[in-house]
Amino acid sequence: METVKLSAIVMRWYPDMIPFLKQDELNSVIVLRDGLSILEPADAMDIIHYSICEHQNSAYLH
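Values in this document were obtained by computation on a predicted structure and should not be read as measured data. (Residues numbered from 1 in each chain as written. Predicted model: local features only at pLDDT ≥ 70, side-chain atom pairs only at ≥ 80, totals over all residues. Heavy atoms only, no water.)

## Focus: the overall build of the chain
Here's step 1: If you tally the helices and strands in the chain, you get three helices and two strands.
Here's step 2: Along the chain, helices and strands appear, N-terminal first, in the series β-α-α-β-α.
Here's step 3: A total of 62 residues make up the chain; the buried ones form 31% of that total.
Here's step 4: For the chain, contacts bridging at least 24 residues in sequence account for 68% of all contacts bridging at least 6.
Here's step 5: Accessible area of the chain: about 4600 Å², with a carbon and sulfur share of 58%.
Here's step 6: For the chain, the distance from the average site of its 4 positive side-chain charges to the average site of its 9 negative ones is 5 Å. (Helix = DSSP H or I, 4+ residues; strand = E, 2+ residues; numbered from the N terminus. Buried < 20%, exposed > 50% of the residue type's maximum accessible area, 1.4 Å probe, protein only. Contact = heavy atoms within 4.5 Å. Areas by Shrake-Rupley, 256 points an atom, 1.4 Å probe, with all protein chains shown as cover. Lys, Arg positive; Asp, Glu negative; His and termini not counted. Charge placed at Lys NZ, Arg CZ, Asp CG, Glu CD.)

Structural data, given as structure tokens:
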């Protein structure tokens, strides 16, 4: 198991997304069962998507 920030995942596979993510999203702590070295790009995108969704759950629409 390896614990990393979402920013490490984004920087490795999708660095062009950095400007579009909020700082609290980038600071999210992610626990990877098999570690960062074995993570595939598609899995990285799933993690990024899930993290964005989790941070939007607390947002309220008016």
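## With respect to the nonpolar core
Here's step 1: Counting 15 residues, the largest nonpolar core has Ile9, Val10, Ile30, Leu32, Leu36, Leu39 and Ile47 as the members making the most contacts within it.
Here's step 2: For this core, the elements supplying multiple residues, two or more each, are helix 1 (6–13), strand 2 (29–32) and helix 3 (41–56). (Core = buried A, V, L, I, M, F, W, Y, C linked by side-chain atoms within 4.5 Å.)

## Regarding the side chain of Ser28
Here's step 1: Mapped onto the secondary structure, Ser28 falls in the loop between helix 2 (23–26) and strand 2.
Here's step 2: Within the local environment of Ser28, its side chain forms a polar contact with the side chain of His55, the two groups lying 3.4 Å apart.
Here's step 3: The contact partners of Ser28, leaving out residues within four places of it in the chain, are Val4, Lys5, Leu6, Ser51 and His55. (Polar contact = N/O pair within 3.5 Å; in protein donor to acceptor, adjacent residues only side chain to side chain.)

Read these as spatial facts, not as claims about activity.
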